[in-house]
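A look at the structure
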Amino acid sequence: MHRLIVLAVFLGNCVTTSNTKLLHSSHSAYEEYVTYIWHNRLYLYIAGALAFAFWVLLKMFLKKKSFLKDVSSRILEVEKEDEHCDKHAEVHVSGVKIFFGSQTGTAKGFAKELSADVRSLDIMAEVIDMKEYDPDDRLADECNSKCVCVFLVATYTDGRPTDNAEWFCKWLEEASTDFRYGKTYLKGLRYAVFGLGNSVYATHYNTVGRNVDKWMWMLSASRVLTRGEGDCNVTKSANGSIQADFLAWKLKFLNRLQLLCQDDDNCFGKNKSSPSCIKTDGQEVDEEENTTLVDNYSEVEQLESSSDENDSSPSPSVLDVEDLGSLMSSVKESSSNGGQVAKRSRKVMRKRQEEKEEERREMITPALRDALSKQGYKLIGSHSGVKLCRWTKSMLRGRGGCYKHTFYGIQSHRCMETTPSLACANKCVFCWRHHTNPVGTEWRWKMDPAEKILQDALEKHQNMIRQFRGVPGVKSDRYEEGLIVQHCALSLVGEPIMYPEINRFVGLLHSQRISSFLVTNAQFPEEIRSLEPVTQLYVSVDASTKESLKKIDRPLFKDFWTRFLDSLKALAEKKQRTVYRLTLVKAWNVEEMTAYSELIALGQPDFVEVKGVTYCGESSASSLTMANVPWHQEVVAFVQQLVDMLPDYEIACEHEHSNCLLIAHNKFKVDGDWHTWIDYERFQDLARAHQESGGLSVFSSLDYMAPTPKWALFGAFEQGFDPADTRFQRRNKGKDISGC
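Okay, so let's go over this structure. (Residues numbered from 1 in each chain as written. Predicted model: local features only at pLDDT ≥ 70, side-chain atom pairs only at ≥ 80, totals over all residues. Heavy atoms only, no water.)

1. Looking at the overall build of the protein
Along its length, the protein carries 22 helices and 22 strands. Per-residue burial over the protein gives 46% buried out of 740 residues. Sequence-distant contacts in the protein: of pairs separated by 6 or more residues, those separated by 24 or more amount to 77%. With an accessible surface of roughly 38,500 Å², the protein has 53% of that area assigned to carbon and sulfur atoms. (Helix = DSSP H or I, 4+ residues; strand = E, 2+ residues; numbered from the N terminus. Buried < 20%, exposed > 50% of the residue type's maximum accessible area, 1.4 Å probe, protein only. Contact = heavy atoms within 4.5 Å. Areas by Shrake-Rupley, 256 points an atom, 1.4 Å probe, with all protein chains shown as cover.)

Here you go:
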């Protein structure tokens, strides 16, 4: 046992000695390895750097290879897209559809004119009446048709659309605010708008054109050209007339159309949902960061743009990015106090510029001169005219005179019908000049002297009389008398009292012993009060209520009814002969008996002429037809009912072939005999005395009255036809009820 213990201890010592030697040997090898590494660390650094460099180069190579692969594939895709576009984008504009909304035919004429010009560019064009087009079914189809839609729309009474455009505009307005259609309902549709209006109606000027433009934009349609606006008011028209306004806009549209045909990828008509299109340094780039900014500006431009660009200085076609800040600053400034001051300053400067321009502008534009000349007018200077009345021609032949001959004893063959102002403040539905004359509420034109107007009027009238020399049927004695004018009817057309020198003109007439019959439309009460004595002063009373007057006369003044009543009051202040002239339009104003009697009581006229409306042929400017012309028996019945409501008036005279009757105040019935005729020589003496006394010598209508012949009285067998003449009836013609 002892031996075994000794042996175990021995073996244990041996093992311990062996482990100690092994540990010492292992520790020495590790130290040698670390020492070796430390002494050769430089090589390790180099190897690591080389490995890292190799890895970087490998990554760059792989990335470049991938990039080249992507670029090549993109190039192939672009080439395929270009080939596809070349096949499908050969035609950028397939045609032009021209929609018109017209009441008088002007917009329709413009549409036909534009259609012809578009066709001359080898582009298909179609003229469409808005009344015959269903926008609910067809307008959305225009988004993909590659057609350009042009809207030529006129503004009618109170800013409403014309009759043929009413439904189209109503649908467009409702669709623009109806969520069921959506804001992008017309996205892709390209359009242009030209509005027709009259700036005299300032509140509603070109309302329809502006609304159509706005509603199209709200439905995301793209405008290809800034909205154009034509102005019938020659004093405010940017180019002198509505025809010239349309011509200027049309040229721009045709140029734009040609560009669209060449390149369909343009940024002019971007709508509010499109990315902004900005050019910098001649290159086109997309600026996503400025999308909101440019969209805001686009919205302002879309809603406020108009034909005013014709009057402003030209803006650059390229907008630099750095200019956007200035642009938006100016937009913001306009909403601040300083911007309001600047805006007012620009408005004042613009007004002064317009006033200077208007001082040089003539009332009769070249287009208006052509239109009036075709109707037989002999134009005088820049705003006057003269024309031969058909009753003048009739009396030269001994075929009877006009109703003034029957009622007041004028000699129709010695009467000159003229006007010193072709402009009028109304657009009456029965206007026998078919609204070819200009309109306005004040005198804003170049003015000719009264002496020149009268001299030229007499000369032109005499020249027209001379044309009847030797004409079969013309009586030689009346021809010689006709060369010497004795009466002047200032009722040709327009509003003579608007002429600033009307008193001077009337004085010149009286100085040559020519009587004056002046007609006014009861819209200028102060001018009536300041008017010097005339032989006979007329006021047209075409309706007896505010509603019917607005419907029939279509006055330009907002306060037309106040002016109308004030004019009647001013007439009552006159001492000389005054006349109400009532024009009866069947189904329009023949049932307002009580209201008429009240107006007569207000103005206390000496006479009331009641005449059936004269039908002057079909006109797009008026809905009047022969059905609106009352028969003479109907006019007589109306007058008899009216007289029953007027205790101081009676029916005095009748002129059946002019469809006219005269109601006279009882003061002209002396000893049972009517004295409606005029002692013209006596009037001239009284007028001269009044003028020479500076207005101190006054006289009244009773001072120059003359007895009325029996044949002119109401109920006479002749019915107002002078027995000294021969009644002429045209063969194969119906009853002739027309008159002056």
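And the narrative resumes.
2. With respect to the pairing of strand β10 (residues 384-387)
Burial along β10 is two-sided: S384 and V386 facing one way and G385 and K387 facing the other are all buried. Judged from the 3 bridges that link them, strand β9 (residues 378-380) and β10 form a sheet pairing that is antiparallel. Counterpart to I380 in the pairing with β10 is S384. Strand direction decides the pairing type here: β10 and strand β11 (residues 415-419), joined by 3 bridges, are antiparallel. Among the inter-strand pairings, G385 is bridged to a residue of β11, identified as T419. (Pairing = 2+ DSSP bridges.)

3. Considering helix α21 (residues 632-643)
If you check α21, its first and last C-alpha atoms are 16 Å apart, about what 12 residues at 1.5 Å a residue would give, namely 16 Å. For α21, every residue scored as buried is listed here: H632, V635, V636, F638, V639, L642 and V643. Taken down its axis, α21 places every buried residue within 165° of arc, on the same side. In this structure, the buried residues of α21 make contact with β15 (577-584), α20 (593-603), β16 (607-612), β17 (649-655) and β18 (660-665). (Expected span 1.5 Å × (residues − 1). Arc of directions from axis to C-beta.)

4. A closer look at the sheet that holds strand β14 (residues 536-540)
Pairing within the open sheet is mixed, and its 10 strands lie in the order β9-β10-β11-β12-β13-β14-β15-β16-β18-β17. At either margin of the open sheet sits one strand with a lone partner, and together these are β9 and β17. On average, adjacent strands in this sheet sit at an angle of 25° to one another, irrespective of strand direction. (Axes fitted to C-alpha atoms, helices over the stretch in contact; angles between N-to-C directions.)

5. What to know about the pattern of salt bridges
One pass over the full model with this rule turns up 23 salt bridges. Two residues, D213 and R227, come together in a salt bridge whose shortest N-O distance is 2.9 Å. In this pair, D213 is assigned in helix α6 (residues 207-218) and R227 in the loop between β5 (222-223) and β6 (228-231), connecting sequence segments 14 residues apart. A relative accessible area of 1% places D213 in the buried class. (Salt bridge = Lys/Arg side-chain N within 4 Å of Asp/Glu carboxyl O.)

6. What to know about a nonpolar patch on the surface
A surface patch of nonpolar side chains, amounting to about 700 Å² of accessible area, comprises L42, Y43, L44, Y45, I46 and L50. Along the chain, the position of I46 falls in helix α2 (residues 41-88). (Patch = residues over 30% accessible without salt bridge, like charges linked within 9 Å, V, L, I, M, F, W, Y side chains within 5 Å.)

7. Let's talk about the packing of helix α5 (residues 166-177) against α6
Running from N to C, α5 and α6 point in directions that differ by 40°, and their axes come no closer than 9 Å. Classed by the angle they form, the pair α5 and α6 counts as oblique. Remark: the crossing between α5 and α6 carries left-handed chirality. Touching C169, L172, E173, S176 and T177 of α5 are V208, V212, W215, M216 and M218, all from α6. Split by residue class, the contact of α5 with α6 holds 7 nonpolar, 2 polar and 1 charged. (Parallel < 35°, antiparallel > 145°, perpendicular 65-115°, else oblique. Left-handed = near helix turned anticlockwise from the far one by under 90°. Nonpolar A, V, L, I, M, F, W, Y, C, P; charged D, E, K, R; others polar.)

8. Some remarks on the pairing of strand β3 (residues 147-154)
Among the 8 residues that make up β3, 8 are buried, leaving the element largely enclosed by the rest of the structure. The sheet contact formed by strand β1 (residues 95-101) and β3 spans 7 bridges and is parallel. Each residue of the ladder has a partner; that of V96, found in β3, is V148. In this sheet, strand β4 (residues 190-197) lies alongside β3 in parallel orientation, the contact comprising 7 bridges. Bridging from a neighbouring strand, A154 pairs with L196 of β4. What joins β3 to β4 is α5, and the crossover it makes is right-handed. (Right-handed = clockwise from strand over helix to strand, strands pointing away.)

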